[in-house]
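# Residue-level structural notes
As a plain string of letters, each chain reads:
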Amino acid sequence: MELKKEKCLPCEVGGVPLGEKEVLEISKMINPEWGIEGSKIIKRTFKFKNFKKALEFVNRVGEIAESEGHHPDIELSWGKVTVKFTTHKIGGLSTNDFIMAAKIDEVEI
Ligand SMILES: C[C@H](O)[C@H](O)[C@H]1CNC2=NC(N)=NC(=O)C2=N1
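In this numbering scheme, every chain counts its residues from 1 along its sequence in written order. Local features in a predicted model are, by the rule used here, given only for residues with pLDDT of at least 70; side-chain atom pairs are given and counted only at 80 or more, and totals for whole chains, interfaces and linings are based on all residues. For side-chain calculations, the full set of non-hydrogen atoms in the structure is used, while hydrogens and water are omitted.

The name an unreviewed UniProt entry assigns to the chain is Putative pterin-4-alpha-carbinolamine dehydratase, from the organism Ilyobacter polytropus. UniProt positions are given in the numbering used here, feature names are shortened, and annotations may be inferred rather than shown by experiment. On record in UniProt, under Catalytic activity (unreviewed entry), the comment for the chain is "(4aS,6R)-4a-hydroxy-L-erythro-5,6,7,8-tetrahydrobiopterin = (6R)-L-erythro-6,7-dihydrobiopterin + H2O". On record in UniProt, under Sequence similarities (unreviewed entry), the comment for the chain is "Belongs to the pterin-4-alpha-carbinolamine dehydratase family."

## Observations regarding the pattern of salt bridges
Here, a salt bridge means any Lys or Arg side-chain nitrogen found within 4 Å of an Asp or Glu carboxyl oxygen. Within the structure shown, the criterion is met by nine salt bridges. Glutamate 25 serves as the salt-bridge partner of lysine 28, at 2.7 Å between the closest nitrogen and oxygen. Note on classification: 1.4 Å probe, protein chains only; a residue is buried when its accessible area is under 20% of the maximum for its type, exposed when over 50%, partly exposed between these limits. A relative accessible area of 48% means that glutamate 25 is categorised as partly exposed. Linking glutamate 37 and lysine 43 is a salt bridge whose minimum nitrogen-to-oxygen distance equals 3.3 Å. We classify glutamate 37 as partly exposed; its relative accessible area is 29%. With a relative accessible area of 31%, lysine 43 lands in the partly exposed category. Three or more residues joined by partner-sharing salt bridges are found here, namely Glu2, Lys4, Lys5 and Glu106.

## Considering the site of the ligand
We call a residue near a molecule or strand as soon as one heavy atom of that residue lies within 4 Å of the molecule or strand. Around the ligand, the surrounding shell consists of Gly69, His70, His71, Thr86, Thr87, His88 and Lys89. Whenever two N or O atoms come within 3.5 Å, that pair is a polar contact, provided that in protein one can donate a hydrogen and the other can accept it, and provided that, for residues adjacent in sequence, both atoms are side-chain atoms. A distance of 2.8 Å is found between a nitrogen atom of the ligand and a side-chain nitrogen or oxygen belonging to histidine 71. In the model, a nitrogen atom of the ligand is placed 3.2 Å from a nitrogen or oxygen of the histidine 88 main chain. Method for areas: the Shrake-Rupley scheme with a 1.4 Å probe, in which residue coverage is limited to the protein chains shown. The fraction of the free accessible surface of the ligand (390 Å²) that becomes covered by protein chains is 62%.

## Some details on a nonpolar patch on the surface
Patch construction takes residues with relative accessible area above 30% that form no salt bridge. Like charges are linked within 9 Å, and nonpolar side chains (Val, Leu, Ile, Met, Phe, Trp, Tyr) are linked within 5 Å. Where nonpolar side chains cluster on the molecular surface, the patch consists of Phe51, Leu55, Ile74, Leu76 and Trp78 and spans about 460 Å² of accessible area. Among the secondary structure elements, those contributing two or more residues to the nonpolar patch are helix H2 (51-68) and strand S3 (73-77). Mapped onto the elements, phenylalanine 51 comes out in helix H2. Secondary structure elements follow DSSP: runs of H or I of four or more residues count as helices, runs of E of two or more count as strands, with numbering from the N terminus.

## Thoughts on the sheet that holds strand S4 (residues 80-85)
If you trace the four strands from one edge of the open sheet to the other, you get S1-S2-S4-S3, paired in antiparallel fashion. The outermost strands of the open sheet, each flanked by one partner alone, are strand S1 (35-37) and S3. Pairwise comparison of adjacent strand axes, ignoring direction, gives a mean angle of 20° for this sheet. Relative to strand S2 (residues 41-47), S1 is paired through three bridges, and the arrangement is antiparallel. For glycine 35, the partnering residue across the bridge sits in S2 and is lysine 43. Whether two residues are in contact is decided by their heavy atoms, any of which lying within 4.5 Å being enough. Helix axes are fitted only over the stretch in contact, all axes being lines through C-alpha atoms; the angle between N-to-C directions runs from 0 to 180 degrees. Contacts from helix H3 (residues 95-104) reach S2 and S4, with the element oriented near 155° to S4. We treat two strands as partners when DSSP finds at least two bridges between them.

## What about the packing of H2 against H3?
Orientation of H2 relative to H3, taken along the N-to-C sense of each, is 140°, at an axis distance of 11 Å. Taken together, the axes of H2 and H3 lie oblique to each other. With respect to the hand of their crossing, H2 and H3 are arranged in right-handed fashion. In this structure, H2 uses Phe57, Val61, Ile64, Ala65 and Glu68 to contact H3, whose residues at the interface are Met100, Lys103 and Ile104. Roughly parallel means an angle under 35 degrees; roughly antiparallel means over 145; roughly perpendicular covers 65 to 115; every other angle is labelled oblique. Whether a crossing is left-handed or right-handed is set by the direction in which the near helix is turned from the far one by less than a right angle, anticlockwise for left-handed and clockwise for right-handed.

Here it is as structure tokens:
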């Protein structure tokens, strides 16, 4: 399964988050730069040569999020963007979070 080619599925309230072992397994399918916080959040920081490039990246990420219906928390600074994913509806990580990470890893600025 190539995560970057998968589509996010609508999350159901009451859905069960991925367990610690499942998170460790699926995290092998995305760039190792993604960190895992408490098995509930994945996050990665991307570096750029200036603010304008960083903002361009944020807008591209936003387009992907809108098309997939699954959204990140984003921190934008001069030359730096930190992207975090968690599935709010289930209070933890789902496959959607990893699909989005794989798609974002493909963005070229
Ligand atoms: C109605 C809408 O599709 C849902 O609220 C979506 C929107 N984007 C989302 N993004 C994330 N990260 N988690 C969610 O639970 C979520 N739910």
